[in-house]
Amino acid sequence: MSAKIISGKEIAAQIREELKEEVKRLKSDHGVTPGLVTILVGEDPASISYVTAKQKTAHDLGFHSIQDNQPEDISEDDLLALIDKYNNDDSIHGILVQLPLPKHIDDSKVLEAIDPDKDVDGFHPVNVGRMVIGERCFLPCTPHGILEMLIRSGVETSGAEVVVVGRSNIVGKPIANLMIQKRDGGNATVTVCHTRTKDMAFHTKRADILIVAAGRPKVVTADMVKDGVVVIDVGVNRIGKTPEGKAILCGDVDFDAIKEKASAITPVPGGVGPMTITMLMKNTVQAAKQFAGLV
Ligand code: NAP
């Protein structure tokens, strides 16, 4: 059996078309243009490429978008003042600070300075708390993207055994939490593995749906999964460069071997990655609608 490939690229393109239409309607019917600012501190090449992709997507969707570049040595106070400026700017509905920040700046302090109603990354403790108790909030973009992929691919999560590998605040913990919620894409029985898990294969072999976010190339191999499993591979590992200097990427699972056992699997690249940026856009549209009192 060769698995169905769940193309995040295609699902993301579909959602972007829906968002484009929604943005047109918001402008024509309500005079509202979603506004997104992405703040980049320093010149880390990976961060530059992520921020550029976010800005390009925002622009393509018809957002009012601002790319705010700040020097590596900006003080924490100045960065907090900048966030305060955007918190009070009515043309901006979403504020994204690209992580990681330089060592002299406290990430938590910065993320907590963002108005929770503009926290389109869904990292503010207020939004995290609302997510945990199942209230309306901005869901963190990568887990939100995973949910959408599962729902739109027709994967049944209700009653499924879900195993998550990884317990980070941006992927593992929130996706585990979302999948136990009483909602579409939830109602699963969830196990979370990490580096202290004694026998990871014991758990992964039981999974109907396996979500891997470890940041380790091929940490899950074919002998660790059962036939028919649905695999969501979140990992993005740079394992070399092409002769042209382009990064060669691979996920956290042994894609070639596992696709022969799985019923469905996401590729890397072209899986979770495009969904993450798209969910940032969806959250920004939601923020604009909330600001305008339309939801
Ligand atoms: P992270 O903060 O480094 O967390 C990795 C987690 O995996 C940790 O909880 C760690 O356990 C666990 N882990 C690592 N090695 C393991 C192993 N051998 N066995 C079991 N558990 C293991 O990473 P992250 O931010 O969640 O990101 C994970 C991966 O997803 C990275 O490759 C990242 O680039 C990628 N990612 C992709 C997207 C996207 O949009 N495509 C978005 C976010 C992240 P401990 O807690 O015990 O250390």
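Residues numbered from 1 in each chain as written. Predicted model: local features only at pLDDT ≥ 70, side-chain atom pairs only at ≥ 80, totals over all residues. Heavy atoms only, no water.

## A closer look at the environment of Met 224
- Tracing the chain through its elements places Met 224 in the loop between strand S7 (209-212) and strand S8 (230-233).
- Given the relative accessible area of 12%, Met 224 is considered buried.
- Linking Met 224 and Ile 5, residues 219 residues apart in sequence, is a C-alpha distance of 19 Å.
- Ignoring anything within four residues of it in the chain, the contact list for Met 224 reads Met 200, Ala 201, Thr 204, Lys 205 and Val 219. (Helix = DSSP H or I, 4+ residues; strand = E, 2+ residues; numbered from the N terminus. Buried < 20%, exposed > 50% of the residue type's maximum accessible area, 1.4 Å probe, protein only. Contact = heavy atoms within 4.5 Å.)

## Some details on the pairing of strand S2 (residues 35-41)
- Of all seven residues in S2, seven are buried; the element is thus mostly enclosed.
- A two-sided burial pattern is seen for S2, the buried positions comprising Gly 35, Val 37, Ile 39 and Val 41 on one face and Leu 36, Thr 38 and Leu 40 on the other.
- As paired elements, S2 and strand S3 (residues 64-70) share seven bridges and run parallel to each other. Bridge pairing links Thr 38 to Gln 67 in S3. (Pairing = 2+ DSSP bridges.)

## Things to note about the domain arrangement of the chain
- As assigned here, the chain comprises domain 1 (32-117) and domain 2 (141-272).
- When each unit is reduced to the centre of its C-alpha atoms, the spacing between domain 1 and domain 2 is 28 Å. (Domains from an automatic or database assignment.)

## A look at the site of the ligand
- Taken together, 20 residues are adjacent to the ligand, and Arg 167, Ser 168, Thr 195, Val 236 and Thr 276 come closest.
- One of the side-chain N or O atoms of Thr 195 is found 2.4 Å from an oxygen atom in the ligand.
- Between the ligand and Thr 276, the relevant distance is 2.7 Å, taken from an oxygen atom to a side-chain nitrogen or oxygen of the residue.
- Surface burial for the ligand is 71%, taken as the share of its 920 Å² of free accessible area covered by protein chains.
- Class assignment of the residues belonging to the shell around the ligand gives a composition of nine nonpolar, nine polar and two charged. (Near = heavy atom within 4 Å. Polar contact = N/O pair within 3.5 Å; in protein donor to acceptor, adjacent residues only side chain to side chain. Areas by Shrake-Rupley, 256 points an atom, 1.4 Å probe, with all protein chains shown as cover. Nonpolar A, V, L, I, M, F, W, Y, C, P; charged D, E, K, R; others polar.)

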